[in-house]
Amino acid sequence: MSNRLANPHLDTMASDFLYHLDINVANTQDTSDIQQKFGDVRVVCTGGTASRMRELALYMRKVLGVSDPSDPVDLCERGHRYAMYKVGPVLCVSHGVGSSTFSVVLHELLKLVKYARCQNPIFLRIGTCGGLGVPPGTVVVTKDAFNGLLRNEHQIAILGKLVVRPAQFSEDVIKNIMEYGADPNDGFQTISANTMGTDCFYEGQGRTDGAICEYTEKDKMDFLQKCHDLGIRNIEMEASMFASVTKKVGVKAGDVCVTVVNRLEGDQVTVTMDQKHEFEQRPFLVVGRYIKKLLSQNLLK
Ligand SMILES: O=P(O)(O)O[C@H]1O[C@H](CO)[C@@H](O)[C@H]1O
Ligand SMILES: O=c1cc[nH]c(=O)[nH]1
């Protein structure tokens, strides 16, 4: 990552308050305090819920051999929006449901790592998703991110106009996660496939069990089959935004999600909370091995 983002206005700002993180960059010309706190960060892990990110932080302690019996501290608690935990060079940050909440914290995290002068940080999303023709519990590492229009791009309204940006994750991050993170002995499958990121859990993902539905079961199945034909094996709500924003600013990123339902067999997520919890640990295993390799072999070029 160069030390510049895709915004020339930042160069003219004397200070920058990262509002939702409750982190104040009091002097953008001298960020030594931010560098001291966050300058060692190499990997920024994100995921929907605060509890998952707290558990990931505890898991990363084990992976990185950090012996610390204390409760992980939420560094953004006073922001009351997102939770952030730090374990050595790994940040674990919650992002809420969907691209709109994620994009807010993503902008602020990208500025944070810039002010902290982090060296080529990698951003990861560790999430849950619906599967397409794969059994629940499968871990999917996203190749290309499609939006709800089945385009490999992200669309956003800016100044009253539609702006379209490409949505690809870094090829070497995908390759390295598959090579160093996936393990055939895990007892579950880890695959690399395309992902659809939608703006709505119900109609946007072709469900017939939302509060509104104006299509038939056959329309839904035809759409899901079309997704499948495009190589899409999982559906979630952030992939295309995440891929496009990180690509635009030149930060390497990857999306690793576990399926909690096979959408070719139904819409309702019926896994028990215990089973969901067990499934949520699976991307931890994959990402944990990848991060360990990343940090030990200095793949962070
Ligand atoms: O489990 P997380 O990370 O929240 O991700 C998935 O779950 C949420 C919907 O239930 C969406 O945010 C979707 O992308
Ligand atoms: O079907 C699903 C399950 C989890 N998250 C999603 O976005 N969709």
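These numbers were taken from a predicted model, which means no experiment stands behind them. (Residues numbered from 1 in each chain as written. Chains lettered and ligands numbered in written order. Predicted model: local features only at pLDDT ≥ 70, side-chain atom pairs only at ≥ 80, totals over all residues.)

Some remarks on helix H2 (residues 50-64)
Step number 1: Under the 1.5 Å per step criterion, the end-to-end length of H2 is 21 Å for 15 residues, consistent within 8% with the ideal 21 Å.
Step number 2: What H2 keeps buried is the set Ala50, Arg52, Met53, Leu56, Ala57, Met60 and Val63. Taken end-on, H2 shows its buried residues confined to a sector of 145°, consistent with a single buried face.
Step number 3: Among the residues trailing H2, Gly65 stands out with phi positive, at a value near 65°. (Helix = DSSP H or I, 4+ residues; strand = E, 2+ residues; numbered from the N terminus. Expected span 1.5 Å × (residues − 1). Buried ≥ 20, exposed ≤ 12 C-beta atoms within 10 Å, placed from the backbone. Arc of directions from axis to C-beta.)

Concerning the site of ligand 1
Step number 1: Looking at ligand 1, the residues that line it are Gly47, Gly48, Val97, Gly98, Gly127, Thr128, Cys129, Phe201, Glu236, Met237 and Glu238.
Step number 2: If you tally residues by element for the shell around ligand 1, the top one is strand S6 (residues 122-131), at three residues.
Step number 3: Looking at the shell around ligand 1 residue by residue, the class counts come to four nonpolar, five polar and two charged. (Near = placed C-beta within 6 Å. Nonpolar A, V, L, I, M, F, W, Y, C, P; charged D, E, K, R; others polar.)

Focus on the UniProt feature "binding site: phosphate" (unreviewed entry) in the chain
Step number 1: Within this structure's numbering, the places UniProt gives as "binding site: phosphate" (unreviewed entry) are Arg81, Arg125, Ile126, Gly127 and Thr128.
Step number 2: In this structure, Arg125 sits in strand S6.
Step number 3: By the C-beta count within 10 Å, which is 28 here, Arg125 ends up buried.
Step number 4: When residues no more than four places from it in sequence are discounted, the contact partners of Arg125 are Thr46, Gly47, Glu238, Phe242 and Asp255.
Step number 5: Structurally, Gly127 is set in strand S6. (UniProt positions renumbered as here; feature names shortened; annotations may be inferred. Contact = placed C-beta atoms within 7 Å.)

So, the site of ligand 2
Step number 1: Contacts to ligand 2 come from Thr128, Cys129, Gly130, Phe201, Gln205, Ile235, Glu236, Met237, Val260, Val261 and Val269.
Step number 2: With three residues, S6 is the largest single contributor of residues to the shell around ligand 2.
Step number 3: Of the residues belonging to the shell around ligand 2, the class tally is seven nonpolar, three polar and one charged.

Quick notes on the environment of Leu110
Step number 1: By secondary structure assignment, the location of Leu110 is in helix H3 (residues 99-115).
Step number 2: Along the backbone, Leu110 and Val44 are 66 residues apart, and their C-alpha atoms lie at a distance of 9.6 Å.
Step number 3: Residues contacting Leu110, with those up to four places away along its chain left out, are Leu5, Val249 and Val251.

Quick notes on the pairing of strand S4 (residues 84-87)
Step number 1: The sheet contact formed by S4 and strand S5 (residues 90-94) spans four bridges and is antiparallel. Paired with Lys86 across the two strands is Leu91, which belongs to S5.
Step number 2: The hairpin turn running from S4 into S5, its antiparallel successor, is two residues long, and Gly88 in that turn takes a positive phi close to 55°. (Pairing = 2+ DSSP bridges.)

Looking at the nonpolar core
Step number 1: Ranked by internal contacts, the top residues of the largest apolar core, which has 76 residues, are Cys45 and Cys92.
Step number 2: Looking at this core, the element that brings in the most residues is H3, giving eight residues.
Step number 3: The contact partners of Cys45, leaving out residues within four places of it in the chain, are Leu56, Val90, Leu91, Cys92, Leu124, Ile126 and Val287. (Core = buried A, V, L, I, M, F, W, Y, C linked by C-beta atoms within 7 Å.)

Points about the UniProt feature "binding site: substrate" (unreviewed entry) in the chain
Step number 1: The UniProt feature table records "binding site: substrate" (unreviewed entry) at Gln205 and Arg207.
Step number 2: For Gln205, a count of 24 C-beta atoms within 10 Å gives the class buried.
Step number 3: Those residues in contact with Gln205 that sit more than four places away from it in its chain are Gly130, Thr198, Cys200 and Ile235.
Step number 4: With respect to the helices and strands, the residue Arg207 is situated in the loop between strand S10 (190-197) and helix H5 (217-229).

Details of the packing of H2 against helix H7 (residues 273-297)
Step number 1: At a minimum axis separation of 10 Å, H2 and H7 run at an interaxial angle of 40°. One way to sum up the angle between H2 and H7 is to call them oblique. The way H2 lies across H7 gives a crossing that is right-handed. Facing Arg52, Leu56, Tyr59, Met60 and Val63 of H2, the residues of H7 in contact are Glu280, Phe284, Gly288, Ile291 and Lys292. (Axes fitted to C-alpha atoms, helices over the stretch in contact; angles between N-to-C directions. Parallel < 35°, antiparallel > 145°, perpendicular 65-115°, else oblique. Left-handed = near helix turned anticlockwise from the far one by under 90°.)

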